[in-house]
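Inside the fold
Each chain, letter by letter, is given below.
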Amino acid sequence: MRRNNIIIILNAVLILILIPGYYFLYNIYEIQVEVTPHQLYADSHSEAEIKVIPINALGSKALFRSTISDFRIIEGEELVEVLILDRATSTLKLKSKGKEGKIGIKIYNSHSLFPQYVEIPVLPLRV
């Protein structure tokens, strides 16, 4: 009889640990857009990478989760060349074509209510 009581208590404790763990660590509450570097330069070697990171309730990356995002260049499409566009890992890599201006990108994601908007300036090369 004591062994059955211990098993029931352990199962109840396990369930009480797993339910908050799911909601606080695994569930996606928002997305965060990370741009590295924050600007491009008007040369043919400057590159920028945009990543979309799913965020959990504790404010860190959601465990074992990824998100699918659509990227649309709204402004300055003639200023950059798209090197990598991976929807599965939510990554966009851009390369400058050597022209100055501003690039505007809208990011659509199923975990955000409205699209995210990112601006990347293309700065002139001055010595």
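Provided above is the structure to which this section pertains.
Rules and cut-offs
- Residues numbered from 1 in each chain as written.
- Predicted model: local features only at pLDDT ≥ 70, side-chain atom pairs only at ≥ 80, totals over all residues.
- Heavy atoms only, no water.
- Pairing = 2+ DSSP bridges.
- Helix = DSSP H or I, 4+ residues; strand = E, 2+ residues; numbered from the N terminus.
- Axes fitted to C-alpha atoms, helices over the stretch in contact; angles between N-to-C directions.
- Salt bridge = Lys/Arg side-chain N within 4 Å of Asp/Glu carboxyl O.
- Buried < 20%, exposed > 50% of the residue type's maximum accessible area, 1.4 Å probe, protein only.

**Things to note about the sheet that holds strand β5 (residues 80–86)**
The 4 strands are arranged β1-β3-β6-β5 in an open sheet whose pairing can be described as antiparallel. Strand pairing shows two members of the sheet lacking a second neighbour, β1 (30–36) and β5, which therefore form its edges. Across the sheet, the axes of successive neighbouring strands diverge by a mean angle of 20 degrees, strand direction being ignored. Where β5 and strand β6 (residues 91–96) come together, 6 bridges link them in antiparallel fashion. Residue pairing for β6: I84 is matched across the bridge by K93.

**Quick word on the pattern of salt bridges**
According to the stated counting rule, one finds 4 salt bridges in the structure shown. Taking the shortest distance from any N to any O, the salt bridge between E47 and K93 comes out at 3.5 Å. Of this pair, E47 sits in strand β3 (residues 47–55) while K93 is found in strand β6, placing the two residues 46 residues apart along the sequence. Take K93: its relative accessible area is 24%, and that puts it in the partly exposed class. The closest approach of N and O atoms between D70 and R87, which form a salt bridge, is 2.5 Å. Placement of the pair is D70 in strand β4 (residues 69–75) and R87 in the loop between β5 and β6, with a sequence separation of 17 residues. The class for D70 is partly exposed, based on a relative accessible area of 29%. Through salt bridges that share partners, E75, K102 and E119 make up one connected network.

**Section: the environment of L92**
As for its placement among the helices and strands, L92 is situated in strand β6. By relative accessible area, L92 is classed as buried at 2%. Sequence separation of L92 and E78 is 14 residues, and the distance between their C-alpha atoms is 16 Å.

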